[in-house]
Amino acid sequence: MSQEPVYELSERKKLILKAIVDAHIAEGEPVGSKYLMESKQIPCSSATIRNEMAELEAMGFLEQPHTSAGRVPSERGYRFYVDSLVEHYAMTAREIYQINELLQAKMAELDQILLTASKVASNLTNYTAMAIKPKSNRAAIRRFDAVYMDEKSFILVLVASGNRVKTKNVRLGDDVNVVLHQSTTDLLAAVLNEHLQNLSANEITLPIMMSMETAMGKDAALIAPVVKIIYEVMSEIDGGEVRVSGVDRLLQYPEFSQPDRMKEILGAFEKQEEILNMVSGAAGDDISVVIGSESSVKVMDNSALVYKPIVKDGKTLGAIAILGPARMDYAKVLATLEGLSGNITSLLDQDHKSLPNGRNQENDG
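Everything numeric in this text was worked out from a predicted model, so none of it was measured.

## A short note on unusual backbone geometry
Part 1 of the argument: Non-glycine residue N198 carries a positive phi angle of around 65°.
Part 2 of the argument: Note on placement: N198 falls in the loop between α7 (182-196) and α8 (206-216).
Part 3 of the argument: Backbone geometry places N302, a non-glycine residue, at a positive phi of 65°.
Part 4 of the argument: You can see N302 is positioned in the loop between β8 (288-291) and β9 (303-312).
Part 5 of the argument: Look at N302 and you get partly exposed, because its relative accessible area is 44%.

Structural data, given as structure tokens:
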């Protein structure tokens, strides 16, 4: 794949590009040299501005959507703007108050804090926001219990870290030649606790499974189906979650107003996998700005996703994200995410023991 050429932009080109991006963010329309002249932002003649705009287009920073004289920023133009030109956004007193309200809330669980923060983010920016619980790939079961029901069924109880409880009703198929008794389920629980306690899915090896089968004796056939269920539960715990706030706000922007376009975006929210993979793979706690085709999410053309991981003690606990058109108000979005993440970190510091580990019991029976 050929590498894109690297361009050094003159100060005048930077000034013109910034003015075009700012105007397009505000109005959503192509920007022409006449507008830049009349706005008095560029101290040059109309001819000079036109020439500079033509050069920025040739360099890939601007695009001409149709035959009018106006230009719009390209993905490269937005990327340069975000990396080099965006100014610090000074939040209003009301915006600061809304963000600081998070500190007054006595929420016991991180999931609820992230969801509340995402709603605040959506309200402040007028874009769609997401509370993201990333994939951990480190789920482990602290304790196993097995409750005898009848000769062919039992309840498997799995207690994960944070006292999160999952229960599975297990009914043995005809291919599993085991007749259950109370003593069978008691032995199964003991074997699982001895061999699998606090192991991640990657650490459950074939030799461990063989040792478990040996320990189960004549009921060794139980191990394979039970370990399969344990893998499934670990995957559910590890799988992450995306909760969306303010999805209807996207309809205000022409980029999302067409029914087919909105259907694509809603489909991405429902599948979630691509968003989770992108956020879960982020390193550190820096804000990431993903514009259009830079994203692994297939329907992100002409859109931008900005997200901020929430990290404590080197572990990513979650993330807040904002989705909008590629011409989103980046300065405001960046300031909002920084403010919210600072408040979430303060909340975590105030109640470090209870926040990540709120009790949450789930029954899958």
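Next comes the rest of the description.
## Here we look at the nonpolar core
Part 1 of the argument: Within the largest apolar cluster, 77 residues are counted, with the highest numbers of intra-cluster contacts made by L17, L36, M130, I132, Y330 and I344.
Part 2 of the argument: Sorting elements by how many residues they give to this core places helix α12 (residues 330-350) first, with 8 residues.
Part 3 of the argument: If we skip the residues at most four places from it in the chain, M130 touches S118, V242, R243, V244, F269, I275, L305, A319, I320, A321 and L323.
Part 4 of the argument: Grouped together as the second largest cluster of nonpolar side chains are 33 residues, F144, A146, M209 and M234 included.

## So, the packing of aromatic side chains
Each aromatic ring pair is described using two quantities: the centre-to-centre distance and the angle formed by the ring planes.
Part 1 of the argument: In this structure the tally under the stated criterion is 4 aromatic pairs.
Part 2 of the argument: An angle of 80° between the planes, with centres 5.7 Å apart, marks the rings of F61 and F80 as edge-to-face. One end of the pair, F61, is in the loop between α3 (46-58) and β1 (62-63); the other, F80, is in helix α4 (residues 75-85), with 19 residues separating them in the sequence. Accessibility assignment for this pair places F61 and F80 in one class, buried.
Part 3 of the argument: Summarising the aromatic geometry, the rings of Y127 and Y253 are spaced 5.5 Å apart at their centres and angled 35° between planes, so their arrangement reads as tilted. Of this pair, Y127 sits in the loop between α6 (110-125) and β3 (128-133) while Y253 sits in the loop between β7 (241-245) and α10 (259-271), and the two are 126 residues apart along the sequence.
Part 4 of the argument: One aromatic cluster is present, built from ring pairs that chain together Y78, Y81 and Y330.
Part 5 of the argument: A cation over a ring is seen here: R76 above F61, with NZ or CZ 5.6 Å from the ring centre.

## Observations concerning the layout of surface pockets
Part 1 of the argument: A volume near 240 Å³ is recorded for the second largest pocket.
Part 2 of the argument: Lining the second largest pocket, in full, are H24, G28, E63, V72, P73, S74, E75, Y78, E255, N302, A326 and R327.

## As for α10
Part 1 of the argument: Over its 13 residues, α10 extends 18 Å from the first C-alpha to the last, a length consistent with the 18 Å expected when each residue adds 1.5 Å.
Part 2 of the argument: All of the buried residues along α10 are R261, M262, I265, G267, A268 and F269.
Part 3 of the argument: Following α10 by one or two positions, Q272 adopts a phi angle in the positive range, close to 65°.

Thresholds, definitions, all that
- Residues numbered from 1 in each chain as written.
- Predicted model: local features only at pLDDT ≥ 70, side-chain atom pairs only at ≥ 80, totals over all residues.
- Heavy atoms only, no water.
- Helix = DSSP H or I, 4+ residues; strand = E, 2+ residues; numbered from the N terminus.
- Buried < 20%, exposed > 50% of the residue type's maximum accessible area, 1.4 Å probe, protein only.
- Core = buried A, V, L, I, M, F, W, Y, C linked by side-chain atoms within 4.5 Å.
- Contact = heavy atoms within 4.5 Å.
- Phe/Tyr/Trp six-rings, centres within 6.5 Å; stacked < 30°, edge-to-face > 60°.
- Lys NZ or Arg CZ within 6 Å of the ring centre and 35° of its normal.
- 1 Å grid on protein atoms, 1.4 Å probe; cavity = no way out; pocket = protein on both sides within 12 Å on 5 of 7 lines; lining within 4 Å.
- Points joined across faces, edges and corners; volume = space filled by probe spheres on them.
- Expected span 1.5 Å × (residues − 1).

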